[in-house]
Amino acid sequence: MPDAEIARIAALGFDAVWLMGVWERSRAAREVARAHEGWLGEFRGVLPDLTPGDIVGSGYAVRAYRVEESFGGDGELRILRRRFAAAGMKLILDFVPNHMAKDHPWLGRHPERLVRGVEDQLRDQPQNYFAAGPGDDAHAVESGGGARVVFAHGRDPFFDGWPDTVQLDYRRRDTRDAMTAELLSVAERCDGVRCDMAMLLTHDVFLRTWGGEFDPPGVEFWPAAISEVKAKSPDFLLLAEVYWDMEYELQRQGFDYTYDKRLYDRLRESDAPSVNAHLGAETDYQERLARFVENHDEPRAADAFAPPPRDLAVSVLALTLPGLRLLHEGQLEGRRRKVPVHLGRRPLEETDARVAEHYRKLLAALRHEVFHEGRWRLLAPRAAWSGNASHRNFVAGCWEGGDARRLSVVNLSPEPAQCYLSLGAEDLAGRDWRLDDVLGEDVYVREGDSLLRPGLYLDVAGYGFHLFEFAPVQPCADEASPW
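The shown structure was predicted, so the numbers you read here are calculated from the model rather than taken from an experiment.

Participant: Describe the sheet that holds strand 9 (residues 192–195), and please don't skip the residues or the numbers.
Facilitator: Taken together, the seven strands give an open sheet; going across it, the order is 1-4-9-10-11-12-13, and neighbouring strands pair in parallel fashion. The open sheet has two edge strands with one neighbour each: strand 1 (16–19) and strand 13 (324–325). Bridge analysis of strand 11 (residues 257–259) against strand 12 (residues 289–291) gives two bridges, and the strand direction is parallel. Across the sheet, residue Tyr259 finds its bridge partner in strand 12, namely Ala290. Contacts from helix 7 (residues 173–187) reach strand 4 (90–95) and strand 9 within the one sheet, and its direction differs from that of strand 4 by about 155°.

Participant: Lay out the packing of helix 7 against helix 9 (residues 221–232) with the relevant residues and their values.
Facilitator: Taken N-terminus to C-terminus, the directions of helix 7 and helix 9 make an angle of 35°; their axes are 10 Å apart at the nearest point. Crossing of helix 7 against helix 9: the hand is right-handed. Touching Arg176, Met179, Thr180, Leu183, Leu184 and Ala187 of helix 7 are Phe221, Trp222, Ala225, Glu228, Val229 and Lys232, all from helix 9.

Participant: If you had to explain a nonpolar patch on the surface to someone new, which residues and values would you point to?
Facilitator: Residues Phe158, Phe159 and Trp244 make up a contiguous nonpolar surface patch of about 360 Å² in total accessible area. One can find Phe158 in the loop between strand 7 (149–152) and strand 8 (165–167).

Participant: Which residues make up the environment of Arg176, and what values do they have?
Facilitator: Secondary-structure assignment places Arg176 in helix 7. Residues Arg176 and Gly430, spaced 254 residues apart in sequence, show a C-alpha to C-alpha distance of 62 Å. Sequence-distant contacts of Arg176, defined by excluding residues within four places in its chain, comprise Tyr170, Arg171, Phe214, Asp215, Pro216, Val219 and Phe221.

Participant: Provide a residue-level description of the sheet that holds strand 18 (residues 432–437), including the pertinent values.
Facilitator: Pairing in this open sheet of six strands is antiparallel, and the strands run 14-15-16-21-18-19 from one edge to the other. On the outer flanks of this sheet lie strand 14 (375–379) and strand 19 (443–447), each paired with one strand and no other. Averaged over neighbouring strand pairs, the angle between their axes works out to 25° when direction is ignored.

Rules used in this analysis
Residues numbered from 1 in each chain as written. Predicted model: local features only at pLDDT ≥ 70, side-chain atom pairs only at ≥ 80, totals over all residues. Heavy atoms only, no water. Pairing = 2+ DSSP bridges. Helix = DSSP H or I, 4+ residues; strand = E, 2+ residues; numbered from the N terminus. Contact = heavy atoms within 4.5 Å. Axes fitted to C-alpha atoms, helices over the stretch in contact; angles between N-to-C directions. Left-handed = near helix turned anticlockwise from the far one by under 90°. Patch = residues over 30% accessible without salt bridge, like charges linked within 9 Å, V, L, I, M, F, W, Y side chains within 5 Å. Areas by Shrake-Rupley, 256 points an atom, 1.4 Å probe, with all protein chains shown as cover. Salt bridge = Lys/Arg side-chain N within 4 Å of Asp/Glu carboxyl O.

Dropping the structure here:
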């Protein structure tokens, strides 16, 4: 990565960079991707000039936790990590705990660590099982020279298996120990990990998917594994990709942060009352959620939150909340093409100047320490007048710390909305305040007493938003004179 790019990312205020797909790619996964008709249609939709060389295989079908040689191997990763640290940023990498590439050496060396099946399952569920021959590098679906073994593809209980993977068997103590060792190995080479589909390893989910029993019964993988990592590196960051309302459970099992997919879904629905209900949870829980409006698994925000400026409004809402703020490569430029993880090339796209300017302002504002060290409160909009229910379309929050105060307000509906917003901060009383919208041109001067009762009056366009900075209005010299 060029020095100029590292400096650019650091200058935007990022604390860490999550690099995807650095681990050794699987030849078998690449061949699966190049032959999968459903995937090929998606690939051609992204790259009309697709070539076989563009299909490099999924970074989530890991063959070994060593850096892909085409990226320079582990040595180059060490150098890059030092360069990130010099720029004040941490390095985050992927850990894929549920499954491995279907040609992983454990198929031959440690098949007992993998979920196996029988010929009847292979016949009845070819989407969930595959057969491999013996050997340290059991790659072929049917290899000669010995009896073949049926293995399960990695999957979650609601979908067919991922055809380029093999499922790890967490019911076994040996598997758990081996994967803890892999996690510790990864932790030596970075400052944190994003753990793919972390909830699949929990005791109840795993047994619901695969049946059987854990050895010993009731054991959980994550608490023990995370405890070992933290014992060696107390500041190591663990982020869980998690769904199905299991965020708190994964926090309880030791993760520093968990995906807030529920918020994302509610933003997609533009359901302000449900967003407000969601944000009413305890602050300690909120501070350990990872907020996003785009990532590699979801559609690009420019498409998911069309029409404009809805895409910008949800970014203001999500990124001014407590917790970890997660932004995706290309999001700051307004890219619209979602690139499958199997591809090694993405199409060229023009930067959307509207989006780029918005994120320039938003990220600059978020660098203020109040968004990192301050206290956040959810505010409750009230009706601007009797019979006007549009106040229900607002989501508003206030950050306070020291002498700093910031107010974010978003109208999640396509129609104009009005409300009164009481800030509930008695220190506002007795003086005038200037409210500057750091994302726009609006400037208000308001009496502090009126900000408390009846509150700040707002009339906001459809999908409109504000991020107000508060400053006391200094009285003029003439006004201070008794004469």
